[in-house]
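If you want the building blocks of each chain, they are given just below.
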Amino acid sequence: MDDLVVSCKGLRKYYADVKAVDGLDLSVIRGECFGLLGPNGAGKTTTIEILEGLTPANSGEVRVLGMSWSDDERELRERIGISLQETQLNEKLTVLETMRLFRSFYKSGLDPEELLRDLSLDEKRDARVGKLSGGQKQRLAVACALIGDPEVLFLDEPTTGLDPQSRLQLWEVVARFRAKQGTVLLTTHYMEEAERLCDRIAIVDHGHLIALGTPKELIARLEAPNVIEFTSDPIVAADALAEVSGFHGATRRGDGWLLRVDSLAVAVPQLIAIVERNGGRLGALSTHAATLEDLFVSLTGRELRDV
Amino acid sequence: MFKKTGGAPVRHPLIELTSVRTKEFLRETEALFWVFGFPLLLALALGFAFRSKPPDRIPVGVVDGPAARQRLQALAQSPALLPRLFSAQEGREALRRGKISLLIEGDAAPVYGYDPTRPDARTARVEADDALQTAAGRRNVFASQDLKVQEQGSRYIDFLVPGLLGMNLMGTGMWGMGFTIVNARMKKLLKRLVATPMRKSHYLIAQFLSRLIFLVLEVTILVAFGWIVFHVRVNGSIALLAFLCLLGGFTFSGVGLLVASRARTLEAVSGMMNLVMMPMWLCSGVFFSYERFPDSAKPLIRALPLTALNDALRGVMNDAAATTAILPQIAILLAWGLITFVAALKIFRWQ
């Protein structure tokens, strides 16, 4: 089992009134990028912090690099890198001072100035952390996670709140880390991030695992490659929609439906006919190829972003 | 990409942590004022308020009448009194309002009106009677002499400067530790640090080391200020004074660490800091001697760290005390420092 880098079995974490993690089994293999995808409050952060040895679980077993947090914390800390959700670094320090500080904690690691260059932060090396943009701060947080030259990188919501360009820059850093056989475990509620970065994805909701696989496998599980999104007045009844050929399910959204179908060319004309037959008027209509977002909607009846 | 070598050598985490904490503090302008500016302003204000000067004259009133002019002249001879002429009604009004401490009426023999619960009124009564009797021709049985005690080391400012020094060591020691730590805890800086291989003891020791750097500065400034502006000299050993300041800094860093060891918000830690410091401000003899408290309370007051520090500082600065004379105080400070540090480490909340 040399290839198993991070694993947990029967992980449970209960707070006073919430079951944040409720019996989770996960395993992350060496060299892969593993994503925990779920809406806010799904238990992603609690899960990753338990795996990072920062939060104790109520029950369950956690192994990282074949070791346990209770026995080998010091060695584990040398070999993993962590970026917390919304990492706050000391705003009064400069970027380079921050890097040097973090570097001093590790027995071996990367050169602070080289790393800043790798992360396009060398121009900001003498700037105060408090003056950095959101994207620069986040890259610095990842730099702090990389400075000890870790085997495993834990990233909690690394791109939340970032603009598209900053997000791309961060994805690039993760890709470079993986190029040298690094293992990544990240959480996100952006399905496009999970699709782009991750080899395997675990979709979690309410502390449960609801789907696990490669992005392609997961989307294939929808059995419907296409999604039609439409509104109508009055709203079409659910059983009328089932008449569409190649129908694989529908979820209510606002004044209309998300309809999962095989072929758009077949389904769209039929749908228009159904709406007219019911004496309704079609509002907005759009289509897209099925994504992880649609999988989440079909599994939970809710949406990833705004829950 | 991701190179391991080049650049500056990696320094020990203790050095990095101490240097970072020191830089952080220097970049916090407000904190600089509270540590260095505030105690100086306080010493200046109090020093001027209590500077050595002739005692104020006590205002007394003389009711207009046949004997009034003579009485005014006689009273003006006394260095303790400031006489003024009033009509009977005005005089009583002034006495009632406390504008004067004594009102002298009566025709042949004076009648003194005053509030006997006021010490200055009683002094005025004695001084006025003495002046009037002497003017009327009383002969003193013997000529007494005054020996005025105002030598260096026994003035109020000599008492005050060591007290301020002690108070400052307490304030900066506790705030310096408490505020930074709770702030770092709130911003999840501590959580980020414990996610690295950093040794927790290194972090706490660095906080203390950085405090020491500033402590040397702030003590030097305050002592030099007292010496130059108010001629408050260090009569005892400078080395012993330096040792006491370091010990005091250590003790109150420990207390501050304990107070901050679990607090989650700045409000909570501020409240607790004040709760801990207030009794010592009042009881430990910063502004006035704790000898005025009842005897039963004194053992308790002497066991407070600030009392021990103030007593030891006054011993060295004013009375040139030797180490042996302040051993009990040193023991008390050491005990407080050690116990609070160990307790704080045990219960410290890192996230």
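Residues numbered from 1 in each chain as written. Chains lettered and ligands numbered in written order. Predicted model: local features only at pLDDT ≥ 70, side-chain atom pairs only at ≥ 80, totals over all residues.

A. Highlighting the overall build of chain A. A tally of helices and strands in chain A yields eleven helices and 13 strands. Projecting the C-alpha coordinates of chain A onto the three principal axes gives extents of approximately 75 × 45 × 35 Å. Counting across all 307 residues of chain A, residues that qualify as buried make up 46%. Of all intrachain contacts in chain A linking residues separated by at least 6 positions in sequence, the fraction that spans at least 24 positions is 71%. (Helix = DSSP H or I, 4+ residues; strand = E, 2+ residues; numbered from the N terminus. Buried ≥ 20, exposed ≤ 12 C-beta atoms within 10 Å, placed from the backbone. Contact = placed C-beta atoms within 7 Å.)

B. Examining the sheet that holds strand E1 (residues 4–14) of chain A more closely. Residues and elements named next belong to chain A. If you trace the three strands from one edge of the open sheet to the other, you get E2-E1-E4, paired in antiparallel fashion. Where the open sheet ends on each side, the last strands, each with one partner, are strand E2 (19–29) and strand E4 (59–64). Across the sheet, the mean angle from the axis of one strand to that of its neighbour is 15°, orientation sign disregarded. Both E1 and E4 contribute to a ladder of five bridges, which runs antiparallel. (Pairing = 2+ DSSP bridges. Axes fitted to C-alpha atoms, helices over the stretch in contact; angles between N-to-C directions.)

C. Seen up close, the sheet that holds strand E11 (residues 247–253) of chain A. Residues and elements named next belong to chain A. The strand order E11-E12-E10-E13 describes an open sheet built from four strands, whose pairing is antiparallel. This sheet does not close on itself; its edge strands, each paired only once, are E11 and strand E13 (281–289). Sheet twist, expressed as the average angle between the axes of neighbouring strands with direction ignored, equals 20°. Both strand E10 (residues 226–233) and strand E12 (residues 256–261) contribute to a ladder of six bridges, which runs antiparallel.

D. How the structure looks around the nonpolar core. In this structure, Ala 143, Leu 185 and Leu 259 of chain A are the most contacted members of the largest nonpolar core, which totals 152 residues. When residues of this core are assigned to their parent elements, the largest contribution, 15 residues, is made by helix H6 (residues 156–186) of chain B. Formed by 19 residues, the second largest nonpolar core is a distinct cluster that contains Val 62, Leu 102, Tyr 114 and Ala 128 of chain B. (Core = buried A, V, L, I, M, F, W, Y, C linked by C-beta atoms within 7 Å.)

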